[in-house]
Amino acid sequence: MPDRPVRSVALITLGCSRNDVDSEELAARLGVDGWTVVDDPSGADAVVVNTCGFIEVAKKDSIDTVLAAADLRDSDGGPRAVVAVGCLAERYGRELADSLPEADAVLGFDAYPALGRHLDAVLRGETPRAHTPRDRRTLLPITPVDRQRVDRPAPEVLRKRLVGGPVAPLKISSGCDRRCAFCSIPTFRGSHVSRPPQEVMAEAEWLAGQGVRELVLVSENSTSYGKDLGDLRALEKLLPQLAAIAGVVRVRAVYLQPAEVRPSLLETLLTTSGVAPYLDLSFQHASPSVLRRMRRFGGADAFGDLLARARAFAPELGARSNVILGFPGETPADVAILERFLADADLDAVGVFGYSDEDGTEAASLPDKVTPATVRRRQQRVTDLVEQLTAERAQRRISSVVEVLVEEVVGGLAHGRAAHQQPEVDGACTVALPAGSVAEVRVGDLVSATVVATEGVDLIAEFVEFVNVVDSVSR
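Before going into details, it helps to say that this report is about the structure given with it.

The rules behind these values
- Residues numbered from 1 in each chain as written.
- Predicted model: local features only at pLDDT ≥ 70, side-chain atom pairs only at ≥ 80, totals over all residues.
- Heavy atoms only, no water.
- Helix = DSSP H or I, 4+ residues; strand = E, 2+ residues; numbered from the N terminus.
- Buried < 20%, exposed > 50% of the residue type's maximum accessible area, 1.4 Å probe, protein only.
- Lys, Arg positive; Asp, Glu negative; His and termini not counted.
- Salt bridge = Lys/Arg side-chain N within 4 Å of Asp/Glu carboxyl O.
- Polar contact = N/O pair within 3.5 Å; in protein donor to acceptor, adjacent residues only side chain to side chain.
- Contact = heavy atoms within 4.5 Å.
- Core = buried A, V, L, I, M, F, W, Y, C linked by side-chain atoms within 4.5 Å.
- Pairing = 2+ DSSP bridges.
- Phe/Tyr/Trp six-rings, centres within 6.5 Å; stacked < 30°, edge-to-face > 60°.
- Lys NZ or Arg CZ within 6 Å of the ring centre and 35° of its normal.

### Side note on the side chain of arginine 161
Turning to step 1, where the next piece is worked out: With respect to the helices and strands, arginine 161 occurs in the loop between helix H5 (144–149) and strand E6 (167–171).
Turning to step 2, where the next piece is worked out: Here arginine 161 occupies a buried position and makes no salt bridge, while the nearest side chain of opposite charge, glutamate 24, is found at 4.5 Å.
Turning to step 3, where the next piece is worked out: In terms of polar contacts, arginine 161 uses its side chain to reach the backbone carbonyl oxygen of glycine 165, at 3.0 Å.
Turning to step 4, where the next piece is worked out: Leaving out residues up to four positions away in the same chain, arginine 161 has contacts with Glu24, Val167, Ala168, Trp206, Leu207, Gln210 and Val212.

What follows is the structure, encoded as structure tokens:
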């Protein structure tokens, strides 16, 4: 038989770090099917856009990216196929395909194992049929008890790194069992399903072999890890094992639900050697009445107590959260409660979002809507407050010693993240290197540095010493 022609595909990833992992898994699948993954979409045979469908601005960005890829296709020498996958494609399926003819195919999650064949079909002039979306919470194939009885082969890592560097996300579960009134994610990501620990460990070891030094554990809800496997302490057991992998110097757990942070889990997160003393807590608000309407738990007092207990274990811990302004029924008094909480919480980073109705959510049908203009005004007010508070929090780190994982070395400066800084979403740290050490510091080194100044939430520091180096044998 004649050799199969070489085909190239560019993957464009939007949205969160879970999508980053999905794209790297797709890249590996496509490689098995004979596709070559390339960086430049303009010279590829096909472009796959891994979309985000969480909030309105993300949907627009996803559609704009598909349209831009289609413009490349229509130019001389551009890609011959443009395919949309990811959360927006899963959430809307056929409706999106009908309204976005610029995409040659719109494929949901179930199409991922055969994505290479679908791209082949598109290049032959065929149009794979878009799916009709359904609530993926109904699609768990077997019960949690039976899931543990399935005979599993030795874990096989199906992933290809698309972005280098010493930090990588590691997915520990998918889906969510919570029913927050504002969130549509469970309907298209499904119910919570934990990856078996042996699969997580196998992929973590593979990532370490690829030069990864920090593992960022991602999911829709990391604090639920293991509950469907019959082990509520699964994450507590997994964290020390991950931290002990050769080459890994830092493990960071993110996407934590405050109501599910048990005392023993809190202690493990903040006292385990090699695990970043860092809490990424989804507070969403601080007013108990707003949180009840959101179908969430807690409030300013409960959240403050959680942070106090956390700082008893790790006084200099990093803590971040997200909040939503303008949820239906929110009053000026509710906003005042949130502002007082933020002033007391001493958080390192806060994402501030304005509420908007999302298709299929309970909140979309709630009464007492806050006007869009008021939502924007409250969002801006809290954003301004947060910028002031987090800058002040950074300033209080001056004179402290932080451990920085180096991600880049340029012109006598090392750029990276301290333990309290989650890559991509928090601040960063710039370390001034002594003349004699500039040539020695490499990407992937863990160094200690004294904070001497700040720029907003970013830290400026001076090198103290090496903590852990990439290749200790050669130094």
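### Quick word on the nonpolar core
Considering soluble globular proteins, one finds that nonpolar side chains tend to be buried as a cluster.
Turning to step 1, where the next piece is worked out: Grouped together as the largest cluster of nonpolar side chains are 64 residues, with contacts concentrated most on Leu215, Leu217, Leu242, Val251 and Leu342.
Turning to step 2, where the next piece is worked out: If you look at the next biggest cluster of nonpolar residues, it comprises 22 residues, including Trp35, Val83, Phe109 and Val122.

### Thoughts on the pairing of strand E11 (residues 278–284)
Turning to step 1, where the next piece is worked out: Where burial is concerned, most of E11 is hidden: 7 out of the 7 residues are buried.
Turning to step 2, where the next piece is worked out: Because side chains alternate across E11, one face comprises the buried residues Tyr278, Asp280, Ser282 and Gln284, and the other comprises Leu279, Leu281 and Phe283, equally buried.
Turning to step 3, where the next piece is worked out: For E11 and strand E12 (residues 318–325), the ladder comprises 5 bridges, and the chain directions are parallel. In the sheet register, tyrosine 278 faces E12, and the bridge partner there is glycine 318.

### Focus: the packing of aromatic side chains
Turning to step 1, where the next piece is worked out: For the structure shown, the criterion picks out 6 aromatic pairs.
Turning to step 2, where the next piece is worked out: Aromatic rings pair up to connect Phe283, Phe303 and Phe341 into one cluster.
Turning to step 3, where the next piece is worked out: Lying over the aromatic face of tyrosine 255, arginine 18 brings its terminal NZ or CZ to 4.3 Å of the ring centre.
Turning to step 4, where the next piece is worked out: Across from the ring centre of tyrosine 278, 4.7 Å away, lies the NZ or CZ of arginine 252, which sits over that ring.

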